[in-house]
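Here's the letter readout for the chains.
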Amino acid sequence: MAKQYVMALDAGTTSCRAILFDAQQNIVGLAQREFTQHYPRPGWVEHDPMEIYSCQYGVMTEVLARAGVDAADIAGIGITNQRETTVVWDRKTGRPIFNAIVWQCRRTAPLVERLVKTLPAEVIRQKTGLLPDAYYSATKLRWILDHVEGAQQRAEAGELCFGTVDSWLIYKLTGGKVHVTDATNAARTMLYNIHTLEWDKDILEALNIPAAVLPAVKSSSEVYGTVNLGGVEVPIAGAAGDQQAALFGQTCFAPGDVKNTYGTGCFMLMNTGETAHASKNGLVTTIAVQLNGRTEYALEGSVFVGGAVIQWLRDELGLIRESADSEYFAAKVPDCGGVYVVPAFTGLGAPYWDMYARGAIFGLTRGAGRNHIIRAALESIAYQSTDVLKAMQADTGLEIKELKVDGGASANNLLMQFQADIARVTVRRPMIRETTALGAAYLAGLATGVWKDREQIKAQWTLDKLYQPEMSADKARDLYKGWKNVIRRVRSGAVL
């Protein structure tokens, strides 16, 4: 009897999840645990890699117990992960030499400035598709090698391994036998040439990073190794960075298809097929998927603070008790009363790429209250996403009429309607919103024969809800003009 389940391990920024899918793409089990966020200094963000691993292993075994599924019935495991987050560990012991430096962390901004004096930003962009920024893994790795005693020498001797979270988990799950990454994660390190499909020697030399620490780069859908689950060796057969996995999970298989994930940050990707489309409007070019010997590319715009602004309302300001309350309170006012929230807590991402911008609230009057601020915070997610969408339209000359959405904040109906209104697009939310995990499951299932091809997968995609613009075009234009004005005022070069 054919094995009928695929497991997705979703190693996110704030939690680890394991989701079990059957061959009809139904979720038959889910387990999730949050892990600790470390903020040693303002603008610095770290995770404990061992906590990530133990958390991920725990939910992997928990989901099997909850679903009553035997490991022998798992065809394969797909891994999707927070990207750019950097882990360095001892090759023999499997112990990290430092905390993981998270993609949100801004500590390496000075290293980026130093790098572009040696290797011009345009050269790096041409090679990697990325605009040099502290967001990516390259300077995070350099920082660890600089700040852990003896790390550079150990790296040169081949005693250390570097990896993004997918590499770290595959290494640990296979008992230290496999040190690999997939092409989508490699493309986010700022060390990988997305055209030659090799680690770039010029960038490695400019940063003095020994090639010995780097993982082997594999396709997004193949068996990398196995993990022992209760005496059963289960193949790890797919891997992709979280946003590329979501693009795949949304079945955005054709050039021009666009999705936006509303997670901790917001990430919009457009499939551009086998063409690596260079951006002139602040987007990055990245690898969408590597499958069956083909490399497909995407344009991407990353918003640093998306759903995290809701957590900020809850945890720092205390304006709501639960994240889900944001929609309830925002709906208590007809609009935000002229208030704008710019959540540039860690700088501004696409299309601005301003590492030193900081957040602000504008338009406060005596009549502005809690609900206006909550609504303005929600609206900021849609405004930032619209900035990215407009940049994609400018780069490609295509009019984007449809946007597929996923991620936690996509459940917020007020936000999704405002997104359709302000961006003037039809927003489609799928029935299965766990599209990041689903994409990882698809990749593993394709490698192990659960699904035959992408056509079979796409035929099963189902719509949950559709949102179309209801606000007048004039009002939407005026609101967006106000947003662009406040963005100008928070930029690091602005005169206050």
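Above: the structure in question.
Residues numbered from 1 in each chain as written. Predicted model: local features only at pLDDT ≥ 70, side-chain atom pairs only at ≥ 80, totals over all residues. Heavy atoms only, no water.

Student: Would you mind going over unusual backbone geometry with me for this structure?
Tutor: A negative phi angle is the norm for most residues apart from glycine, just as the trans form is the norm for most peptide bonds. Geometrically, the link from Ala 350 to Pro 351 is a cis peptide bond, its omega value of -5° lying close to zero. By secondary structure assignment, the location of Pro 351 is in the loop between strand S19 (340-342) and strand S20 (360-362). The phi dihedral of Gln 25 falls on the positive side, at around 75°, and the residue is not glycine. Its location among the elements puts Gln 25 in the loop between strand S2 (15-22) and strand S3 (27-34). With a phi angle near 55°, Thr 251 is a residue other than glycine that sits in the positive phi range. Of note, Thr 251 is situated in the loop between helix H9 (242-249) and strand S15 (258-262). (Helix = DSSP H or I, 4+ residues; strand = E, 2+ residues; numbered from the N terminus.)

Student: What's the story with the sheet that holds strand S21 (residues 402-406) in this structure? I'm lost.
Tutor: Pairing between sheet strands relies on hydrogen bonds along the backbone, with the strands arranged either parallel or antiparallel. Read from one edge to the other, the open sheet built from 7 strands follows the order S17-S18-S16-S15-S21-S22-S23, with strand pairing classed as mixed. The open sheet terminates on both sides in strands that have one partner only, identified here as strand S17 (284-291) and strand S23 (463-467). Direction aside, neighbouring strands of the sheet carry axes that sit 30° apart on average. Sheet topology note: the S15/strand S16 (residues 266-273) ladder contains 5 bridges and is antiparallel. Considered in S16, the bridge of Lys 259 is made with Leu 269. (Pairing = 2+ DSSP bridges. Axes fitted to C-alpha atoms, helices over the stretch in contact; angles between N-to-C directions.)

Student: Can you help me understand the sheet that holds S3 in this one?
Tutor: Spatially, the 6 strands line up as an open sheet ordered S3-S2-S1-S5-S14-S13, and their pairing is mixed. Every interior strand has two partners, whereas the edge strands, S3 and strand S13 (221-229), have only one. Going across the sheet, the axis of each strand differs from the next one's by a mean of 25°, ignoring polarity. Here strand S1 (residues 5-11) pairs with strand S5 (residues 74-81) via 7 bridges, running parallel. What sits directly across from Ala 11, in S5, is Asn 81. Sheet strands touched by helix H1 (residues 49-67): S1, S2, S3, S5 and S13. Its angle to S3, the strand with the most contacts, is close to 150°. Together, S1, S5, S13 and strand S14 (232-241) form the strand contacts of helix H6 (residues 165-173), whose direction differs from that of S5 by roughly 145°. (Contact = heavy atoms within 4.5 Å.)

Student: What's the story with the pattern of salt bridges in this structure? I'm lost.
Tutor: Per the stated rule, a full pass over the model turns up 28 salt bridges. Note that Asp 90 and Arg 154 form a salt bridge whose closest N and O atoms lie 2.4 Å from each other. Here Arg 154 lies in helix H5 (residues 151-156) and Asp 90 lies in strand S6 (residues 87-90), a separation of 64 residues in the sequence. Salt bridges sharing partners connect three or more residues here, namely Arg 83, Glu 84, Arg 188, Asp 242 and Glu 300. (Salt bridge = Lys/Arg side-chain N within 4 Å of Asp/Glu carboxyl O.)

Student: Can you help me understand helix H14 (residues 435-448) in this one?
Tutor: An α-helix turns once per 3.6 residues; consequently, residues spaced three or four apart project the same way. With 14 residues, H14 extends 19 Å between its outermost C-alpha atoms, agreeing within 8% with the 20 Å of an ideal straight helix rising 1.5 Å per residue. Burial analysis of H14 places 12 of its 14 residues in the buried class, the great majority of the element. Listed in full, the buried residues belonging to H14 are Thr 435, Thr 436, Ala 437, Leu 438, Gly 439, Ala 440, Ala 441, Tyr 442, Leu 443, Ala 444, Gly 445 and Leu 446. Immediately downstream of H14, the backbone of Gly 449 shows phi near 85°, a positive value. (Expected span 1.5 Å × (residues − 1). Buried < 20%, exposed > 50% of the residue type's maximum accessible area, 1.4 Å probe, protein only.)

Student: What should I look at first to understand the pairing of S21 in this one?
Tutor: Taken residue by residue, a regular strand's side chains alternate between the two faces of the sheet. Most of S21 is tucked away, with 4 of its 5 residues classed as buried. Two strands pair when backbone bridges link them, and S15 and S21 are joined in this way by 3 bridges, in the parallel orientation. Bridging from a neighbouring strand, Asn 260 pairs with Val 405 of S21. Relative to strand S22 (residues 426-430), S21 is paired through 3 bridges, and the arrangement is parallel. Bridge pairing links Glu 402 to Thr 426 in S22. Handedness of the β-α-β unit built from S21, helix H13 (residues 413-423) and S22 comes out right-handed. (Right-handed = clockwise from strand over helix to strand, strands pointing away.)

Student: Honestly, helix H16 (residues 473-490) in this entry has me stumped. Any pointers?
Tutor: For H16, which comprises 18 residues, the first-to-last C-alpha distance of 26 Å matches the rise-based estimate of 26 Å (1.5 Å per residue) to within 8%. Turning to H16, its buried residues are Ala 476, Tyr 480, Gly 482, Trp 483, Val 486, Ile 487 and Val 490. Projection of H16 onto a plane perpendicular to its axis shows the buried side chains occupying an angular sector of 150°, all on one side. In H16, the exposed residues that point more than 90 degrees away from the buried face are Arg 477, Asp 478, Lys 481 and Arg 488. Looking at the packing, one finds that the buried side of H16 touches S19, S20, helix H12 (370-396) and H13. (Arc of directions from axis to C-beta.)

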